[in-house]
Amino acid sequence: MSNPRNGDTKPPCLPRNGLVKIPTQPNGLGSASITKGTPAVKNRLCQPSSVPAILSPALAPRSDLPVPSLASPLSLAALAGVSSPPGTSLVALNSSEATPGAEHPSPERLPGSPSERQLVVDEKILNRLFWYFSACEKCVLAQVCKAWRRVLYQPKFWVGLTPVLHTKELYNVLPGGEKEFVSLQGFAVRGFDGFCLVGVSDLDICEFIDNYPLSKKGVKSMSLKRSTITDAGLEVMLEQMQGVVRLELSGCNDFTEAGLWSSLNARITALSVSDCINVADDAIAAISQLLPNLTELNLQAYHVTDTALAYFTAKQGYTTHTLRLNSCWEITNHGVVNMVHSLPNLSVLSLSGCSKVTDDGVELVAENLRKLRSLDLSWCPRITDMALEYIACDLHKLEELVLDRCVRITDTGLSYLSTMSSLRSLYLRWCCQVQDFGLKHLLGMGSLRLLSLAGCPLLTTTGLSGLVQLQELEELELTNCPGATPELFKYFSQHLPCCMVIE
C-alpha cells in the first residue's frame, strides 16, 4: 500500500492499486505500463472505473551524467533526472528497450576518476542499491548505461509487477504503412509471467503468443480488458498458453458462454469475469464443471441468479476460499443459502452491490462460514444493525469488514462490532447515520489497524478527536468528513505519530 506524503504541494490522489502511464515514445512502446498487483480494490482510497493514469516523463539515455554519490540512494534518482510521484509502483517501458540499436553510455564515458567510475558500476553495490527505488525509477535508471541495465534487468527486481499493453503499443508502423509487431524480448529478459492486454482482438493475441518467448509455458497470468476476443480467440489462447493458471476477462463482450465451455481448462485456479454482457447462469455452470481446482472466483455479472450458486461441486467446496460477487443484482437470500452450502470453506467473501441481500442473508453467512477473515457488504442498502450483531456473535476470525454505503447502520451496530477482538480493518465510508456516540464504542478495539470514516457527515471534531485512544492505528481515512478540520489533523500528527491520516 502506497503512503501519501504530506507537503506544501499536495500530490495528486494516486490510485492505490498503483498504475503509472508514461507518454508514448516514437517507437510506440513508451506508454506501456507495469502495474503492481494488489488485492482488495474496494479497500483502496481511489477506485478508478477504468485503467488509471498518472503522468511521469520518461527520459532518454544521457552520457553527460555526473558520478553518483552512494551516500544516499536518492542521489541516483537525481542523477537520472527521475521525478516520479510518491507512492508510485507502476512504470512504463523505457524507449531503448524496444530499440535494440539504442546506445547507452559506457562506464568509461562517465566523468570522474577511474576508482569512482568503477564504484558506479560495481554490480555488488548496484544489486543492493537498486532495491531502494520504485519500479518507475528502475525503469528510467536502466537507461543510464549498459552496466546498470544489466543489473536492473534481473527478474528479482520486477517480481509482482504486471505489464499493461494497449493495442496501439503492440505494433510499429513501417515506412510503407505496414505494421510490425514490436519486440517483447525486454519483457522476457526480466521474466514477466503475467500480462494485461487492453483493447486487443483475436489476431493481436495470436501475434502476442508468437512473439513473446515465454508465452507457451512461462506466462502464469493473463488479463484481457475491453477487448474483442471471441470464443475462437479464447480457445486458442488457453490452448496455446499452457502455463496460464490465472485468467481475467473484463469488458469483453464478444465471447459467449459457449466459449467458456470450449476453452476453460482444469489448470485454472483463479478466474475473474466482469462487465461481460454474455455471462449468466450457464457461464457459472461451465466454471463449476470445468474448473475443479478453482481457489478464487471474482464475478460481476448482472444476469446471474440464485440458481447458479448451487452449481459448485463438492471439490470446489473444499478448494475455493475466495468468492467475490460484485453488483450481482439478481442474487437474493436464496442464492446465499445455495452459496453457503456449496462453498463452506470460504475465507474471503464479497457481496458488494448485491442489493437484494438482507439481514437474513448475513445471518446465513455468519452461521455457516465461520472461517471468514474478510467480508465485504458495501452498497447493500438493506443491511441493518441486526446484521452486525450476527457478524459479531459468530465470525470470531473476521479481520476485515467493509460496510461502505450501508446507510441503515447506526451507533447501535457499532456497539456490536466493538466486541470483535480480531477485527483489524473496518470501513464505514458514507455510513450517514454514524455519530460521535458510535465512535466511542470503537475506542476500546485495540486490534484495529485501519479505520475509514470517509464521508460520514454527522461526525464532529470532538468525536473524531477521541480516536487518539487507538494508539495502534496505522491508517485513518477522513476524506469528506465535515468534522475533520486542519486543527484536528495537527492534533492527530502530535498524538498519533505512527498513523497515516488521509485527508
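Below you will find a few notes about this structure. (Residues numbered from 1 in each chain as written. Predicted model: local features only at pLDDT ≥ 70, side-chain atom pairs only at ≥ 80, totals over all residues. Heavy atoms only, no water.)

Details of the overall build of the protein chain
Applicable threshold: Each helix corresponds to a stretch of at least 4 residues labelled H or I by DSSP, and each strand to a stretch of at least 2 residues labelled E; elements are numbered beginning at the N terminus. Three labels apply to residues, based on accessible area from a 1.4 Å probe with only protein chains included: buried if under 20% of the type maximum, exposed if over 50%, partly exposed otherwise in between. Contacts were defined at the residue level, with two residues in contact if any of their heavy atoms lie within 4.5 Å. Calculation of accessible area relied on Shrake-Rupley with a 1.4 Å probe; when residues are assessed, cover is drawn exclusively from the protein chains displayed.
Broken down by element type, the protein chain carries 18 helices and 18 strands. The proportion of buried residues among the 503 residues of the protein chain is 53%. Considering only contacts within the protein chain whose residues lie at least 6 apart along the sequence, 76% involve residues at least 24 apart. Carbon and sulfur atoms form 53% of the exposed surface of the protein chain, whose accessible area is close to 21,400 Å².

A short note on the nonpolar core
Selection rule: Residue types Ala, Val, Leu, Ile, Met, Phe, Trp, Tyr and Cys, when buried and joined through side-chain atoms within 4.5 Å, form a set referred to as a nonpolar core. These domain limits were set by an automatic method or by a database of domain assignments.
Counting residues in each nonpolar core, the largest one holds 134 residues, and the members touching the most others are Met-222, Met-339, Leu-453 and Leu-478. A domain split of this core shows at least three residues from each of domain 1 (117–149) and domain 2 (161–279). Not counting the four nearest positions on each side in its chain, Met-222 is found in contact with Phe-195, Leu-197, Phe-208, Met-237, Met-241, Val-244, Arg-246, Leu-247 and Glu-248.

Things to note about helix α13 (residues 359–368)
Rules: By construction, the arc corresponds to the directions joining the helix axis to the C-beta atoms.
Every buried residue of α13 is accounted for by Asp-359, Gly-361, Val-362, Val-365 and Ala-366. One side of α13 carries all its buried residues, which in axial view fall inside an arc of 155 degrees. Where α13 is buried, its residues touch α12 (333–342), β12 (348–350), β13 (374–376) and α14 (385–394).

Description of the pattern of salt bridges
This is how the line gets drawn: Should a side-chain nitrogen of Lys or Arg be within 4 Å of a carboxyl oxygen of Asp or Glu, the pair is scored as a salt bridge.
By the definition in use, this model includes seven salt bridges. Arg-150 is paired through a salt bridge with Glu-123; the nearest N and O atoms lie 3.1 Å apart. With Arg-150 in helix α5 (residues 146–152) and Glu-123 in helix α3 (residues 123–129), the pair connects residues that are 27 residues apart, well separated along the chain. Between Lys-356 and Glu-330 there is a salt bridge whose closest N-O contact spans 3.5 Å. Taken together, the residues Lys-356 in the loop between β12 and α13 and Glu-330 in the loop between β11 (322–325) and α12 connect sequence positions 26 residues apart.

Notes on the pairing of β11
Formally: Two strands are said to pair when DSSP picks up at least two bridges between them.
What you see with β11 is no split at all: Thr-322 and Arg-324 on one side and Leu-323 and Leu-325 on the other are buried throughout. Judged from the four bridges that link them, strand β10 (residues 296–300) and β11 form a sheet pairing that is parallel. Bridging from a neighbouring strand, Leu-299 pairs with Leu-325 of β11. As paired elements, β11 and β12 share three bridges and run parallel to each other. Its bridge partner lying in β12, Thr-322 is registered against Val-348.

Structural notes on helix α7 (residues 202–211)
Because each turn of an α-helix spans 3.6 residues, side chains separated by three or four positions end up pointing in the same direction. For α7, every residue scored as buried is listed here: Asp-204, Ile-205, Phe-208 and Ile-209. Buried residues of α7, viewed axially, fall in a sector of 140 degrees; they line one side. Opposite the buried face of α7, at more than 90 degrees from it, the exposed residues are Leu-203 and Asp-210. Of the surrounding elements, those touching the buried residues of α7 are β4 (171–173), β5 (179–181), β6 (194–198), β7 (221–225) and α8 (231–240).

Some details on the side chain of Asp-281
We apply this condition: This count recognises Lys and Arg as positive and Asp and Glu as negative, with His and chain-terminal groups excluded.
Assignment of secondary structure puts Asp-281 in helix α10 (residues 281–290). The side chain of Asp-281 sits in the buried core without any salt bridge; Lys-356 is the nearest counter-charge, 12 Å away. Discounting chain neighbours no more than four positions away, the residues touching Asp-281 are Glu-257, His-303, Val-304, Thr-305, Thr-307, Ala-308 and Tyr-311.

A short note on unusual backbone geometry
Phi is positive for Arg-226, which is not a glycine, with a value near 50 degrees. Positive phi outside glycine occurs at Arg-405, with the angle close to 65 degrees. Following the sequence through the fold, Arg-405 ends up in the loop between β14 (400–402) and α15 (411–417). Overall, the relative accessible area of 32% leaves Arg-405 in the partly exposed class.

Things to note about the packing of aromatic side chains
Note the cut-off: Under the pairing criterion, centres of Phe, Tyr and Trp rings, with the six-membered ring standing for Trp, must be within 6.5 Å; the plane angle then separates stacked pairs below 30 degrees from edge-to-face pairs above 60, leaving the rest tilted. We count a charge as sitting over a ring when the NZ of a lysine or the CZ of an arginine lies within 6 Å of the ring centre and within 35 degrees of the ring normal.
Scanning all chains against the criterion turns up 13 aromatic pairs. On the basis of an interplanar angle of 70 degrees and a centroid distance of 5.6 Å, the ring pair of Phe-130 and Trp-148 is categorised as edge-to-face. Highlighted residues: Phe-130 in the loop between α3 and α4 (135–141) and Trp-148 in helix α5, separated in sequence by 18 residues. An identical accessibility class is assigned to Phe-130 and Trp-148; each is buried. Three or more aromatic residues joined by ring pairs make a cluster, and in this case those are Trp-158, Phe-187, Phe-192, Phe-195, Phe-208 and Tyr-212. It is Lys-179 that lies over the ring of Tyr-171; its NZ or CZ is 5.9 Å from the centre. Sitting over the ring of Trp-158, Arg-190 keeps its end group 4.7 Å from the ring centre.

Notes on the packing of α7 against α8
Applicable threshold: With axes taken as lines fitted to C-alpha atoms, and helix axes fitted only over the stretch in contact, angles between N-to-C directions fall between 0 and 180 degrees. Roughly parallel means an angle under 35 degrees; roughly antiparallel means over 145; roughly perpendicular covers 65 to 115; every other angle is labelled oblique. Take the far helix as the reference: if the near one is turned anticlockwise from it by less than a right angle, the crossing is left-handed, and if turned clockwise, right-handed. Residue type decides the class: Asp, Glu, Lys and Arg count as charged, Ala, Val, Leu, Ile, Met, Phe, Trp, Tyr, Cys and Pro as nonpolar, and the leftover types, Gly among them, as polar.
α8 packs onto α7 with a crossing angle of 15 degrees between their chain directions and a minimal axis gap of 9 Å. By the angle class used here, α7 and α8 are roughly parallel. For the pair α7 and α8, the sense of crossing is left-handed. Taken together, the residues of α8 that come into contact with α7 (itself represented by Asp-202, Ile-205, Cys-206 and Ile-209) are Gly-233, Val-236, Met-237 and Gln-240. When grouped by side-chain class, the residues that make up the contact of α7 with α8 number five nonpolar, two polar and one charged.

Comments concerning the environment of Ala-188
Note on placement: Ala-188 falls in helix α6 (residues 185–189). Among the residues examined, Ala-188 registers a relative accessible area of 15% and is labelled buried. Sequence separation between Ala-188 and Tyr-212 is 24 residues; the distance between their C-alpha atoms is 7.1 Å. The residues contacting Ala-188, other than those within four sequence positions of it, are Tyr-212, Pro-213 and Leu-214.

As for the state of the cysteines
Operational definition: Counting rule for disulfides: a pair of cysteine sulfur atoms within 2.5 Å.
Going through the model one piece at a time under the given rule, you end up with zero disulfides. The structure places no disulfide on Cys-252, whose sulfur is separated from the nearest cysteine sulfur, that of Cys-276, by 5.1 Å. Counting only cysteine sulfurs, Cys-406 is the nearest neighbor of Cys-380, a cysteine outside any disulfide, at a range of 5.8 Å. Looking at Cys-380, the relative accessible area reads 0%, which means it is buried.

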